[in-house]
Amino acid sequence: MSGQQSCYACDKEGNMKRCSRCQHAFYCSKSCQKRHWNRHKPNCIPPDSSLHELNSACWKDSFPGPLAARDYGFDNLRSYHGDVLLANGLTAEHILLGLYQIIMRDIGNIHRPGPFCQVLSSINVSLKMLLDAYENNKLDDFIQRFIKSVYDNCGDSLNEGNYCSLWLQHKLVIGPTNMGSITQQQMQQLRSNIYLKYYGGHEDNAVTVEKRRTTCLKALTWDVLVNINSPAGFMENCKFGADFLMYRNEIENKRRGEKSQQQQILCAVTYQNGKPHEPHPTELNFSVKH
């Protein structure tokens with residue numbers, strides 16, 4: 001028996017009985033359980049599956065615990081991308097969590113439909129489908145299929161910068177997570193094959209991404225930024241245009257910090273031989289165009 005829950009079939013609240021197989025669905029009577037079985041069957045997975053942990057984390061808007069993080073790609077993304085910010089202060093792990101939240105919302109709306117529930121995908125997504133993807137190291141195939149179905153079903157109505165588009169925009173890959181006897185070399189080859197299948201070319205690793213970020217930020221010295229007032233202007237005049245958009249906030253903070261520092265230097269007045277002396281442009285650590 002459980003505490004106060006609502007029946008998955010009729011929404012009646014009270015003291016319910018759990019599904020004996022998964023331990024995660026609740027019913028007020030055997031008749032309700034039998035009536036709901038066709039909807040529940042695709043989501044009736046073993047009670048010890050880490051997928052339950054992922055599902056719970058998604059509804060709580062938090063990262064999952066260690067088992068689900070390992071099984072469903074969070075560890076892989078962290079080891080490959082680290083804490084590099086990809087968009088709007090989001091890491092690859094944030095984007096994956098947001099994508100799983102969309103998936104779990106669809107699963108919930110199919111499992112327990114309501115009058116105002118909206119299902120974004122068209123593939124009848126379920127927990128068993130996601131579990132099979134993990135067990136067969138097909139999480140990337142599952143996610144790509146899900147994203148495609150969302151765009152096919154309601155692409156025009158999606159908000160710009162949604163997690164589906166961010167996943168594709170940054171060409172993210174989970175790779176195998178059910179390791180078994182897979183070696184590190186085999187894992188890397190599988191990742192490369194997945195990347196080639198969906199994006200073409202070769203994947204940038206965290207070192208490459210961070211090096212590109214550092215190069216971009218170093219190039220944005222004051223003499224560049226002082227003449228660039230908009231992302232459009234930057235993209236027209238600088239080869240780092242794409243990275244500029246990715247690191248925009250960081251660049252703007254750098255710009256404000258450097259501007260404040262240079263203004264302090266320009267306002268400083270020193271004395272040489274008893275006479276006021278303003279710093280010459282060559283004494284400053286940035287270029288001034290005459």
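This section reports on the structure supplied with the text. What you see is a predicted model; the values in this text were computed from it and never measured. (Residues numbered from 1 in each chain as written. Predicted model: local features only at pLDDT ≥ 70, side-chain atom pairs only at ≥ 80, totals over all residues. Heavy atoms only, no water.)

With respect to the helices and strands, the residue Q118 is situated in the loop between α5 (92-111) and α6 (127-135). In this structure Q118 touches D106 and N109, once residues within four positions along its chain are discounted. (Helix = DSSP H or I, 4+ residues; strand = E, 2+ residues; numbered from the N terminus. Contact = heavy atoms within 4.5 Å.)

Below, the discussion takes up the pattern of salt bridges. Scanning the entire structure with this criterion turns up seven salt bridges. A salt bridge links R78 to D83, with the shortest nitrogen-to-oxygen separation between them at 3.1 Å. Since its relative accessible area comes to 41%, R78 is described here as partly exposed. In this structure D83 comes out as exposed when scored by relative accessible area, which is 52%. E93 is the partner of R78 in a salt bridge, and the nearest nitrogen-oxygen pair spans 3.0 Å. (Salt bridge = Lys/Arg side-chain N within 4 Å of Asp/Glu carboxyl O. Buried < 20%, exposed > 50% of the residue type's maximum accessible area, 1.4 Å probe, protein only.)

This part covers the state of the cysteines. What the rule picks out here adds up to zero disulfides. C28 supplies the cysteine sulfur nearest to C32, a cysteine that is in no disulfide, at a spacing of 3.7 Å. C164 takes part in no disulfide bond, and the closest cysteine sulfur, belonging to C154, lies 8.4 Å away. A relative accessible area of 1% places C164 in the buried class. (Disulfide = S-S within 2.5 Å.)

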